[in-house]
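Residues per chain are reported as follows:
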There are 2 protein chains.
Amino acid sequence: MSSDPQILEPELSEESAPTTRCRILAVAERSFREIGYQKTTVADIAKTLKMSPANVYRFFDSKKAINEAVVERVTGEIEALLMKMADAPGLSAEARLRNSIAALHRDTSGRWNGYPRIHEMIEAAMGESWEVCRHHVDRIAAVFERILRDGVGTGEFAAADPAVTARCIQAAIVRHTHPLLVSQLPQMPEPSLDQMIDFVLRSLRP
Amino acid sequence: MSSDPQILEPELSEESAPTTRCRILAVAERSFREIGYQKTTVADIAKTLKMSPANVYRFFDSKKAINEAVVERVTGEIEALLMKMADAPGLSAEARLRNSIAALHRDTSGRWNGYPRIHEMIEAAMGESWEVCRHHVDRIAAVFERILRDGVGTGEFAAADPAVTARCIQAAIVRHTHPLLVSQLPQMPEPSLDQMIDFVLRSLRP
């Protein structure tokens, strides 16, 4: 349309690249969820999007790179949700901790529910792309640590080393927040989330 | 060798059946560990034992049944070890709880170490043979509950509902005792087992 493709092309590319990237991720996530990470190929993703595999590779150099971007998006959403609960104004540290844990639990229970093949994607991320998972775990621990320090400041909590205690809280709720374990909860309903949170809070008493 | 096979045969069968059963389980467990549950077939197990698949099927009617027997043997060993720690004479309830958790952690860390394919066997058991897993979890919870009640009796612990608290302890240590999570520990070393046990014990303070 333009007489000067050298000007137009970078503009078009800047406008469409994020959209294409997002479309690739949306299709990949759906395929990982419904067909499974193992059986999904970059060629399948390209086909669904009616583009060439080469075009997908312009954005992501491997299926692993696509999975990392999917996991980063998902973990980003979870962290945003967590932050909202952790920073809710006018609440005690205890209420903020309780709401934060409940939000993580609700998200995991709802997000993957009904997609048994999602395990493959999570296991692939935990194996091939551990750094992405570790950063997510670190950011959640940082949020817990912040609530803990607030609670220690107001005298609600006691925690000699809030960084370590935050990691312990995180480990204590893994049964209720780790996607690979949450799917088993209906078969092993005890302890309930509330029972577990009460147990954690007891450990934080001054 | 005998002139009366009707007498000899049952004797021989009684003597050799448990041995054959054990040999099948030993070969199956090794194959699940080294080759993986998915790729192991009953025919492979039979071949290794130089017997016919039909003979394996005399003892176990499916690969699933073999896996259940393997898992029952393994969980039986773990429970025996746990019971030894839980019932150690002359120790405080706190020491018995600490030793019990440490024993579970050490067993899981050592037993599956270096066998990434063991995940398949455990996932198969958790999926196809959930009852076997559930009974194991229930028996461990019962041991924790017993220690808790002793500790409540001596005033070492407070636990309004020891059955629920036992389940909470179990959930709190899943990061350090569940075979599917323990393999990740080197990548995520905090909290250490001692930090986690201290966190749990804080929750039990009167």
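Preceding block: the structure.
Residues numbered from 1 in each chain as written. Chains lettered and ligands numbered in written order. Predicted model: local features only at pLDDT ≥ 70, side-chain atom pairs only at ≥ 80, totals over all residues. Heavy atoms only, no water.

**Description of the overall build of chain A**
In step 1: Counting secondary structure elements, chain A contains 11 helices and 0 strands.
In step 2: Beginning at the N terminus, the succession of helices and strands in chain A can be written as α-α-α-α-α-α-α-α-α-α-α.
In step 3: Radius of gyration (C-alpha) of chain A: 21 Å, far over the 17 Å computed for a compact globule of 206 residues.
In step 4: The C-alpha extent of chain A, read off along each of the three principal axes, is 70 × 40 × 25 Å.
In step 5: Expressed as a percentage of the 206 residues in chain A, the buried residues total 48%.
In step 6: Considering only contacts in chain A between residues 6 or more positions apart, those separated by 24 or more positions represent 71%.
In step 7: Summed over all atoms, the accessible surface of chain A reaches about 10,200 Å², with 55% contributed by carbon and sulfur.
In step 8: Here chain A holds 25 positive side-chain charges and 28 negative ones, and the gap between their average locations is 5 Å. (Helix = DSSP H or I, 4+ residues; strand = E, 2+ residues; numbered from the N terminus. Rg over C-alpha atoms; globule rule 2.2 N^0.38 Å. Buried < 20%, exposed > 50% of the residue type's maximum accessible area, 1.4 Å probe, protein only. Contact = heavy atoms within 4.5 Å. Areas by Shrake-Rupley, 256 points an atom, 1.4 Å probe, with all protein chains shown as cover. Lys, Arg positive; Asp, Glu negative; His and termini not counted. Charge placed at Lys NZ, Arg CZ, Asp CG, Glu CD.)

**What to know about the interface of chain A and chain B**
For interface size, the figure often reported is the accessible area lost on association.
In step 1: The partner chain B presents 30 residues to the 30 residues of chain A that form the contact.
In step 2: Summed over both sides, the interface of chain A with chain B buries roughly 2,900 Å², with 66% coming from carbon and sulfur.
In step 3: Taken together, the connections running from chain A to chain B amount to 0 salt bridges.
In step 4: In this assembly, chain A and chain B are joined by 9 residue pairs in polar contact (both at pLDDT 80 or more).
In step 5: Listed by contribution, the elements that provide at least two residues to the side of chain A that touches chain B are helix H6 (118-128), helix H7 (130-154), helix H8 (162-172), helix H9 (174-177) and helix H11 (193-203) of chain A.
In step 6: No other element matches H8(A), which puts 7 residues into the side of chain A that touches chain B.
In step 7: Classifying every residue of the side of chain A that touches chain B gives 17 nonpolar, 6 polar and 7 charged. (Buried area = accessible area lost by both parts, 1.4 Å probe. Salt bridge = Lys/Arg side-chain N within 4 Å of Asp/Glu carboxyl O. Polar contact = N/O pair within 3.5 Å; in protein donor to acceptor, adjacent residues only side chain to side chain. Nonpolar A, V, L, I, M, F, W, Y, C, P; charged D, E, K, R; others polar.)

**Observations concerning the packing of aromatic side chains**
In step 1: With the rule as written, the count across this model stands at 2 aromatic pairs over all chains.
In step 2: Where Phe32(A) meets Tyr37(A), the ring centres are 4.9 Å apart and the plane angle is 65°; that geometry is what we call edge-to-face. For the pair shown, Phe32(A) and Tyr37(A) are each scored as buried.
In step 3: Taking the ring centre of Tyr115(A) as reference, the NZ or CZ of Arg33(A) above it sits at 4.9 Å.
In step 4: Stacked on the ring of Tyr37(B), the Lys or Arg Lys63(B) has its end atom at 4.4 Å from the ring centre. (Phe/Tyr/Trp six-rings, centres within 6.5 Å; stacked < 30°, edge-to-face > 60°. Lys NZ or Arg CZ within 6 Å of the ring centre and 35° of its normal.)

**Regarding H8(A)**
In step 1: Counting buried residues along H8(A), 10 of its 11 residues qualify, which places the element largely inside the surrounding structure.
In step 2: By the burial criterion, the buried members of H8(A) are Pro162(A), Val164(A), Thr165(A), Ala166(A), Arg167(A), Cys168(A), Ile169(A), Gln170(A), Ala171(A) and Ala172(A).

**Here we look at the nonpolar core**
In step 1: With 119 residues, the main nonpolar core has Ile66(A), Phe144(A), Ile66(B) and Phe144(B) as its most contacted residues.
In step 2: Excluding its chain neighbours within four sequence positions, the residues that come into contact with Ile66(A) are Ile24(A), Leu25(A), Ala28(A), Phe32(A), Val42(A), Ile45(A), Val56(A) and Phe60(A). (Core = buried A, V, L, I, M, F, W, Y, C linked by side-chain atoms within 4.5 Å.)

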